[in-house]
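# Structural description and commentary
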Amino acid sequence: MHFVLHWLPILAIGAGVGFLGGLFGKGGSAIATPMLAAVGVPPIVAVAAPLPATVPGTLSALRPYWKLGFVDRPTVKWSLIVGLPATVIGAVATNWISGGFLVGVTDVVVAALGIRFLLRPGSTEAVRDVPHLTGRTIAVAAVVGVSAGLLANSGGFLLAPLYVAVLRMPMKPAFGSSLAVASMLAVPGTIVHAALGHLDWSVVGVFAVASVPLSALGARVALRTESVRLERIYGAVLAVLGIAFLIARA
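Rules behind the numbers
Residues numbered from 1 in each chain as written. Predicted model: local features only at pLDDT ≥ 70, side-chain atom pairs only at ≥ 80, totals over all residues. Heavy atoms only, no water. Helix = DSSP H or I, 4+ residues; strand = E, 2+ residues; numbered from the N terminus. Buried < 20%, exposed > 50% of the residue type's maximum accessible area, 1.4 Å probe, protein only. Axes fitted to C-alpha atoms, helices over the stretch in contact; angles between N-to-C directions. Parallel < 35°, antiparallel > 145°, perpendicular 65-115°, else oblique. Left-handed = near helix turned anticlockwise from the far one by under 90°. Contact = heavy atoms within 4.5 Å. Nonpolar A, V, L, I, M, F, W, Y, C, P; charged D, E, K, R; others polar.

### Thoughts on the side chain of Thr33
Relative to the helices and strands, Thr33 is located in helix 2 (residues 29-38). Its relative accessible area of 0% is what places Thr33 among the buried residues.

Below, the structure is given as structure tokens:
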């Protein structure tokens, strides 16, 4: 009974988040944090626990994108050069910022991104050359890196939409590049949060068992879906979840 009441909801959340993460080119931590908090996981643990599963999950989802050429290597390179140290800075800062506040910030960001994609879908199916605007890429990587460290996620929930909006990438290359960067940005954040004692490895393990295999399935579904439709689904899911979590916390 204890397993059913405590671990089964975490297992279900891991499965859902893994699938959505693979579907939308992200690690899924931004969605997982408020869901884990809603089933009784302490806020700072809910913030940190999904992060370790992001590494194998995003690598699993990345594989089909990589095979089809939906990864922009220069964008990935600059995102990692700037984003990795920025992630460490953000993660260290959580030592002075409460978990409850971070969960609330996550809810707001998820809802705002969802509404943006619902109202302004702008992807195309055709893969076009991406303008390698180094300055813009560095700015995106810095913002995403600090946010990833603060919110204990891999940055994927910000990377994909910013790649589309700022770097003008088509949706599927944005998802593939986001997965490549997110898999690496999760590493320093995991190390820092583990050192700060924010990880409950039992929660991490149960979450990962379900999330990792479902990530690859989500990626395969995304690659078979028309991009504008994918954006609208992306926006609807994020908006509904973000608003629901905000109402629940009110």
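### Description of unusual backbone geometry
What is expected of a backbone is that most residues other than glycine have negative phi and most peptide bonds are trans. Even without a glycine there, the phi angle at Arg168 is positive, about 60°. Structurally, Arg168 can be placed in the loop between helix 8 (156-165) and helix 9 (171-195). Note on Arg168: relative accessible area 53%, which makes it exposed.

### Comments concerning the environment of Thr94
Secondary-structure assignment places Thr94 in the loop between helix 5 (73-93) and helix 6 (99-119). A C-alpha to C-alpha distance of 9.1 Å links Thr94 and Leu196, two positions 102 residues apart in sequence.

### Considering the packing of helix 5 against helix 9
At a minimum axis distance of 9 Å, the contact between helix 5 and helix 9 shows a crossing angle of 25°. Regarding the angle of helix 5 to helix 9, the classification is roughly parallel. Seen from above, helix 5 lies across helix 9 with right-handed handedness. On helix 9, the residues touching Val76, Ser79, Leu80, Gly83, Leu84, Thr87, Val88, Ala91 and Val92 of helix 5 are Ser177, Ala180, Val181, Met184, Leu185, Pro188, Gly189, Val192 and His193. Here the contact of helix 5 with helix 9 is built from residues that sort into twelve nonpolar, six polar and no charged.

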